[in-house]
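# Close look at the chain arrangement
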Amino acid sequence: MESPFKVDALKGKVALLTGGGSGIGFEISAQFGKHGAAVAIMGRRRHVLDDAVRSLKSLGIPAVGFEGDVRKREDAQRVVEATVKHFGKLDILVNAAAGNFLAAAEDLSSNGFRTVLDIDAVGTFTMCREALEYLKKGGHGRNSSGGGLILNISATLHYTAAWYQVHVSAAKAAVDALARNLALEWGTDYDIRVNGIAPGPIADTPGMSKLAPEEMTSGNSRDQMPLYRLGTKWDIAMAAVFLASDAGKYINGSVMPVDGGLWLSKPRHLAKEAVKELSRTVERRSRVAPTGTPSSKL
Ligand code: HXC
């Protein structure tokens, strides 16, 4: 789909994306590139990075891939430094790397819980911490959009609770807390904006194939969505372009749900037509019942 933003919305920016070689991370890389940014992507698998960089370059996007695991501080430091060495600066850090699997809490080991916290929460903090010096130097008052930007990809599942996702809920809650707290400290001190995007279920992503494999999903599951469709990687990438562009320059410490309103929704137990009928019956009953009886207190 065509972008509604100007092609030079991110002109001259340098972005580093963890998990930028696949899924949502790759789509954000591509859209940042299509809007004028140079893009460095970080991931654990060399062949995934190579394929992604090849695709980005074929679109005319200046791109480079660096192998690394966000759980290792030395990797984070090396990749941030390599990005700055390669492109001369760093304006935007996107934390899109994440780990996930379905596991009932009673079947989850502490190490399984810790692994996801390490990737999502500690990994995000480590990347932010290592990038700080460059976002600070690169940013403050240097261009019209102010300082550097950090964008964390989280989720909406921890707004309520999610089956077999206690580890991920805890991790994503921490990621959102990072966005708000770093926004407060680094926004004030260094003019660095820190925001989050919370995707709902997004089609054709590793997350979707892990959390809703074909074996689990019924044919009509899309009918349960408020906007009658799954999200797309494009939906998330457009939110990222918006937040990274000058249009988002007063947005700091926000986590934007991009899920079509799904997190607000509950299964519909009663059809609309049935509500009308039932509601009128209940009202009629309360009019004829004497005041003070339980039915009048419904
Ligand atoms: C129970 C499991 C498990 C499973 C792993 N573990 N898979 N427990 N059920 N299916 C436990 C292991 O037993 C082990 O604990 C601990 O987790 C670490 O497992 P490893 O395999 O050694 O870890 P590692 O090789 O580092 O792999 C990390 C990973 C893996 C998270 C488990 O899946 C991964 O690398 N994922 C990255 C890609 C990914 O998941 N992408 C999807 C992101 S989707 P013990 O006690 O045995 O040592 C996403 C969407 C979120 O983020 C939003 C949702 C709405």
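From a predicted model like this one, the values you see are computed outputs, not experimental measurements. (Residues numbered from 1 in each chain as written. Predicted model: local features only at pLDDT ≥ 70, side-chain atom pairs only at ≥ 80, totals over all residues. Heavy atoms only, no water.)

### Quick word on the side chain of Asp235
What counts is decided by this rule: A run of DSSP states H or I qualifies as a helix once it reaches four residues; a run of E qualifies as a strand once it reaches two. Both are numbered from the N-terminal end. Polar contact is the term for a pair of N or O atoms within 3.5 Å; when the atoms are in protein, one must be able to donate a hydrogen and the other to accept it, and sequence-neighboring residues count only if both atoms are side-chain atoms. It only takes one pair of heavy atoms within 4.5 Å for two residues to be counted as in contact.
Locating Asp235 in the fold gives a position in helix α7 (residues 233-244). Here the side chain of Asp235 touches Arg229 through a polar contact of 2.8 Å, side chain to side chain. The residues contacting Asp235, other than those within four sequence positions of it, are Arg229 and Val258.

### Focus: the sheet that holds strand β4 (residues 92-95)
Using the following cut-off: For two strands to pair, DSSP has to find at least two bridges joining them. Where helices are involved, their axes are fitted lines through C-alpha atoms of the stretch in contact, as for all axes, and angles between N-to-C directions lie from 0 to 180°.
Reading across the sheet, the seven strands line up as β3-β2-β1-β4-β5-β6-β7 and stay open at both edges, with parallel pairing between neighbours. With partners counted over all chains shown, the strands left at the sheet margins are β3 (63-67) and β7 (255-258), one partner each. Between one strand axis and the next, the sheet turns through 20° on average, direction left out of account. Across four bridges, the pairing between strand β6 (residues 193-199) and β7 is parallel. Bridge pairing links Pro199 to Val258 in β7. The sheet strands contacting α7 are β4, β5 (149-153), β6 and β7, and the helix crosses β6 at an angle near 165°.

### Remarks on the nonpolar core
Threshold: Think of a nonpolar core as a cluster: buried Ala, Val, Leu, Ile, Met, Phe, Trp, Tyr and Cys residues, connected wherever their side-chain atoms sit within 4.5 Å. For the exposure calls, accessible area comes from a 1.4 Å probe over protein chains only, and a residue counts as buried if that area is under 20% of its type's maximum, exposed if over 50%, partly exposed in between.
By size, the foremost hydrophobic cluster in this structure holds 32 residues, and its most contacted members are Ile28, Phe32, Val94 and Ile197. Secondary structure elements with two or more residues in this core: β1 (14-18), α1 (23-34), β2 (38-43), α2 (46-58), β4, β5 and α7. The element that contributes the greatest number of residues to this core is α7, accounting for seven residues. Not counting the four nearest positions on each side in its chain, Ile197 is found in contact with Leu151, Asn152, Ile153, Ser154, Ile236, Ala239, Ala240, Leu243, Val255, Met256 and Val258. Among the nonpolar cores identified, the runner-up in size contains 30 residues, and Met42, Val84, Ala131 and Val194 belong to it.

### A few points about the environment of Ser154
Turning to its location among the elements, Ser154 is positioned in the loop between β5 and α5 (166-190). The exposure class assigned to Ser154 is buried, which follows from its relative accessible area of 5%. When the C-alpha atoms of Ser154 and Ala98 are compared, they prove to be 8.7 Å apart, with 56 residues separating the residues in sequence. Once you skip the residues sitting within four places of it in the chain, Ser154 turns out to touch Lys172, Val175, Asp176, Ile197, Ala198, Pro199 and Val255.

### Digging into the site of the ligand
Basically, it comes down to this: Residue proximity to a molecule or strand is established when one non-hydrogen atom of the residue lies within 4 Å of it. In these tables, accessible area is a Shrake-Rupley quantity obtained with a 1.4 Å probe, and a residue counts as shielded only by the protein chains included in the view. Three residue categories are used. Nonpolar comprises Ala, Val, Leu, Ile, Met, Phe, Trp, Tyr, Cys and Pro, charged comprises Asp, Glu, Lys and Arg, and polar comprises the others, including Gly.
Taken together, 18 residues form the shell around the ligand, and within it Arg44, Arg71, Ser109, Asn111 and Lys210 come nearest. Take Arg44: an N or O atom from its side chain is 2.5 Å from an oxygen atom of the ligand. Between the ligand and the protein, one listed contact pairs an oxygen atom with a backbone N or O atom of Asn100 at 3.0 Å. In the complex, 59% of the free accessible area of the ligand, which totals 1100 Å², lies under the protein chains. Sorting the residues of the shell around the ligand by element identifies α4 (110-139) and α6 (206-211) as the ones contributing at least two each. Split by residue class, the shell around the ligand holds seven nonpolar, seven polar and four charged.

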